[in-house]
Amino acid sequence: MRTLTAPGILEQTLARIAALQPGDTARWGRMNVNQMLCHLSDSAKVALGETVVPPGNLGLPPRLLKWLALDVPIRWAKNIPTMPQIDQSRGGTPPVAFAGDRKALLDLTRRLSQTNLEGRAHPYFGPMTQKDWMRWAWLHTDHHLRQFGR
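Residues numbered from 1 in each chain as written. Predicted model: local features only at pLDDT ≥ 70, side-chain atom pairs only at ≥ 80, totals over all residues. Heavy atoms only, no water.

(A) Local environment of the overall build of the protein. Counting its regular elements, the protein contains 5 helices and 2 strands. Secondary structure elements of the protein, listed N to C terminal, follow the sequence α-α-α-α-β-β-α. Residues counted as buried form 49% of the 150 residues belonging to the protein. Counting contacts in the protein only where the partners sit at least 6 residues apart, residues at least 24 apart contribute 78% of the total. For the protein, the accessible surface area stands at approximately 7,900 Å², while carbon and sulfur atoms represent 57% of it. (Helix = DSSP H or I, 4+ residues; strand = E, 2+ residues; numbered from the N terminus. Buried < 20%, exposed > 50% of the residue type's maximum accessible area, 1.4 Å probe, protein only. Contact = heavy atoms within 4.5 Å. Areas by Shrake-Rupley, 256 points an atom, 1.4 Å probe, with all protein chains shown as cover.)

Structural data, given as structure tokens:
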């Protein structure tokens, strides 16, 4: 299973982020590419404990939801609603300048890969191991990079 810290994956992920361009268009969803950069940055800040969001409920028990999202080998569904704190149209960090927002995401992704997140709770999945967090980080980032053809 791919995780952000598996050999070569961090470098591949950073290269995919670096390849994003201001004119990239979404294959699904309502975010533009700059909003997506800020969404991923805000999500990393939640994992790092820098942004606090209340526990959410998607209708399934957190352990089952975590298993489905992190361990079942299927791509994540598109257009799943997100929490206002990480939704750029409802309270998340607004985009400023594409290059700066992209650099911020690159920096946060590096930092996320080097931070011990053991035991921190995910808003939907509950407490997670370091391995869980690195799996989530790769899956979430990959999901949104594919959204923009990267």
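Now that the structure has been shown, the text picks up again.
(B) Spatial organisation of the layout of surface pockets. Quantified by volume, the largest pocket comes out at close to 920 Å³. For the lining of the largest pocket, the secondary-structure elements that each account for two or more residues are α2 (33–48), α3 (62–70) and α5 (130–147). Per-class residue counts for the lining of the largest pocket are 19 nonpolar, 11 polar and 5 charged. If you add up the space inside the second largest pocket, you get close to 150 Å³. As for the second largest pocket, its lining consists of Ala69, Val72, Pro73, Ile74, Arg75, Trp76, Arg135, Trp138, Leu139, Asp142, His143 and Arg146. (1 Å grid on protein atoms, 1.4 Å probe; cavity = no way out; pocket = protein on both sides within 12 Å on 5 of 7 lines; lining within 4 Å. Points joined across faces, edges and corners; volume = space filled by probe spheres on them. Nonpolar A, V, L, I, M, F, W, Y, C, P; charged D, E, K, R; others polar.)

(C) Region of the structure containing empty space enclosed by the protein. For the structure shown, the criterion picks out 1 cavity of 30 Å³ or more. Roughly 60 Å³ of internal volume is contained in the largest cavity. Residue lining of the largest cavity: Leu40, Ser43, Ala44, Leu105, Thr109, Leu112, Trp136, Ala137, His140 and Thr141, and that is the complete set. Listed by contribution, the elements that provide at least two residues to the lining of the largest cavity are α2, α4 (98–114) and α5. It is α5 that contributes the most residues to the lining of the largest cavity, 4 residues altogether. By residue class, the composition of the lining of the largest cavity is 6 nonpolar, 4 polar and no charged.

(D) Seen up close, the packing of aromatic side chains. For the structure shown, the criterion picks out 1 aromatic pair. Aromatic side chains tryptophan 133 and tryptophan 136 sit 5.4 Å apart centroid to centroid with 85° between the ring planes, which places their arrangement in the edge-to-face category. In this pair, tryptophan 133 and tryptophan 136 both sit in helix α5, 3 residues apart, roughly one turn of the helix. With relative accessibility at 7%, the residue tryptophan 136 sits in the buried group. (Phe/Tyr/Trp six-rings, centres within 6.5 Å; stacked < 30°, edge-to-face > 60°.)

(E) Representation of the packing of α2 against α5. In the contact formed by α2 and α5, the axes pass within 11 Å of each other and the chain directions differ by 170°. Compared by their axis directions, α2 and α5 come out roughly antiparallel. Residues Met36, His39, Leu40, Ser43 and Ala47 of α2 form the contact with α5, whose participating residues are Trp133, Trp136, His140, Thr141, His144, Leu145 and Gln147. Split into classes, the residues belonging to the contact of α2 with α5 amount to 6 nonpolar, 6 polar and no charged. (Axes fitted to C-alpha atoms, helices over the stretch in contact; angles between N-to-C directions. Parallel < 35°, antiparallel > 145°, perpendicular 65-115°, else oblique.)

(F) Structural context of α3. Of the positions making up α3, those classed as buried are Leu65, Lys66, Ala69 and Leu70. The buried residues of α3 occupy an angular sector of 110° when the element is viewed end-on, so they sit on one face. Turning to α3, the residues buried within the fold contact β2 (126–127) and α5. (Arc of directions from axis to C-beta.)

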